Amino acid sequence: MKMEKHRVSINVNGKDYSEEIEPRTLLVTFLRDIAGLTGTHIGCDTSNCGACTVIMNGRAVKSCTVLAVQANGSNVLTIEGLSKDGDKLHPIQKAFIEKKGYQCGYCTSGMILTALALLNRKRNLTEDEIREALSGNLCRCTGYDSIIDSIMLADSEMAKTEKEEEIFVEA
Ligand code: FES
Ligand code: FES
């Protein structure tokens, strides 16, 4: 059955994307297939894994649970938007490298964006707060401890760096 299309405009990482899409199109599909930003992953079809997490209007959302039409007019941040010049990594990305917060990397963009949304709201996080925030993000490789260590390092490094420069990335 042919569906009526709707024009949807979404600002992703500071750039506007506008497209006529079917109303059933998911935000994750919009990001990957229309914006071409494949750092947002699809790891399940049950809304459980969190690999598709992005920050929409300041909140971490699973982009496979949001219709693109619902995101119309929103600001979305994906993993590609963290490194502004594509060269200098965000402190949270550096922390994941330093603490080896990834193995296969499939969950990593979702983990980072979930953590960043939390860090943009609150600092000096406890391990329990981080584990609670990550409860919707699954990792099949790391055992989670190195991810927690990465986020704790990012927490302290971001506090230091913010004194020197603007590194908050808002969506
Ligand atoms: S792809 Fe698994 S929660 Fe979205
Ligand atoms: S690093 Fe492989 S799923 Fe998390």
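Residues numbered from 1 in each chain as written. Chains lettered and ligands numbered in written order. Predicted model: local features only at pLDDT ≥ 70, side-chain atom pairs only at ≥ 80, totals over all residues.

Turning to the nonpolar core, a few remarks are in order. Within soluble globular proteins, side chains that are nonpolar tend to cluster in buried spots. With 46 residues, the main nonpolar core has Val 54, Ile 55, Val 76, Ile 112, Leu 113, Ala 115 and Leu 116 as its most contacted residues. Counting residues per element, this core draws most heavily on helix H3 (residues 108–119), which supplies seven residues. Summarising the domain contributions, this core has at least three residues from each of domain 1 (6–81) and domain 2 (91–161). Among all residues touching Leu 113, those that are not within four sequence positions of it are Thr 53, Val 54, Ile 55, Ala 60, Leu 77 and Ile 79. (Core = buried A, V, L, I, M, F, W, Y, C linked by C-beta atoms within 7 Å. Buried ≥ 20, exposed ≤ 12 C-beta atoms within 10 Å, placed from the backbone. Helix = DSSP H or I, 4+ residues; strand = E, 2+ residues; numbered from the N terminus. Domains from an automatic or database assignment. Contact = placed C-beta atoms within 7 Å.)

Glancing now at the packing of helix H2 (residues 91–98) against H3. Contact pair H2 / H3: the axes reach a minimum separation of 11 Å and the direction vectors enclose 125 degrees. The angle between H2 and H3 falls in the class oblique. Relative to H3, H2 is oriented so that their crossing is right-handed. In this structure, H2 uses Ile 92, Gln 93 and Phe 96 to contact H3, whose residues at the interface are Thr 108, Ile 112, Ala 115 and Leu 116. Considered class by class, the residues forming the contact of H2 with H3 number five nonpolar, two polar and no charged. (Axes fitted to C-alpha atoms, helices over the stretch in contact; angles between N-to-C directions. Parallel < 35°, antiparallel > 145°, perpendicular 65-115°, else oblique. Left-handed = near helix turned anticlockwise from the far one by under 90°. Nonpolar A, V, L, I, M, F, W, Y, C, P; charged D, E, K, R; others polar.)

All right, on to the packing of H3 against helix H5 (residues 145–162) then. Contact geometry of H3 with H5 gives a least axis separation of 11 Å together with a crossing angle of 40 degrees. In terms of their interaxial angle, H3 and H5 are classed as oblique. Helix-helix and strand crossings are classified by hand; for H3 and H5 the assignment is right-handed. Residues Met 111, Ala 115 and Leu 119 of H3 form the contact with H5, whose own contacting residues are Ile 147, Ile 151, Ala 154, Asp 155 and Met 158. Residues that form the contact of H3 with H5 fall into these classes: seven nonpolar, no polar and one charged.

Glancing now at the pairing of strand E2 (residues 15–21). Bridge count between strand E1 (residues 6–12) and E2: seven bridges; the pairing is antiparallel. Bridge pairing in E2 links Val 8 to Glu 19. If you look at the hairpin formed by E1 and E2, you'll find two residues sitting between the two strands, and Asn 13 has a positive phi there, around 55 degrees. (Pairing = 2+ DSSP bridges.)

Our focus in this paragraph is the domain arrangement of the protein. The domains assigned to the protein are domain 1 (6–81) and domain 2 (91–161). Domain 1 and domain 2 are separated by 21 Å when their C-alpha centres are compared. Facing the 17 residues of domain 1 at the interface are 13 residues of domain 2. Tallied by class, the residues present in the side of domain 1 that touches domain 2 amount to eight nonpolar, eight polar and one charged.

Take the pairing of E1 next. Bridge analysis of E1 against strand E5 (residues 75–77) gives two bridges, and the strand direction is parallel. Residue Asn 11 lies in a different strand from E5, and its bridge partner there is Asn 75.

Reading across from one edge, E2-E1-E5-E3-E4 is the order of the five strands in this open sheet, with mixed pairing throughout. Sheet topology places E2 and strand E4 (59–62) at the edges, where each strand pairs with a single neighbour. Between one strand axis and the next, the sheet turns by 40 degrees as a mean value, whatever way the strands run. Helix H1 (residues 27–34) rests against E1, E2 and strand E3 (53–56) of the sheet, and its axis sits at about 110 degrees to E2. Set on the sheet, H3 makes contact with E3, E4 and E5; between it and E3 the angle comes to about 35 degrees.

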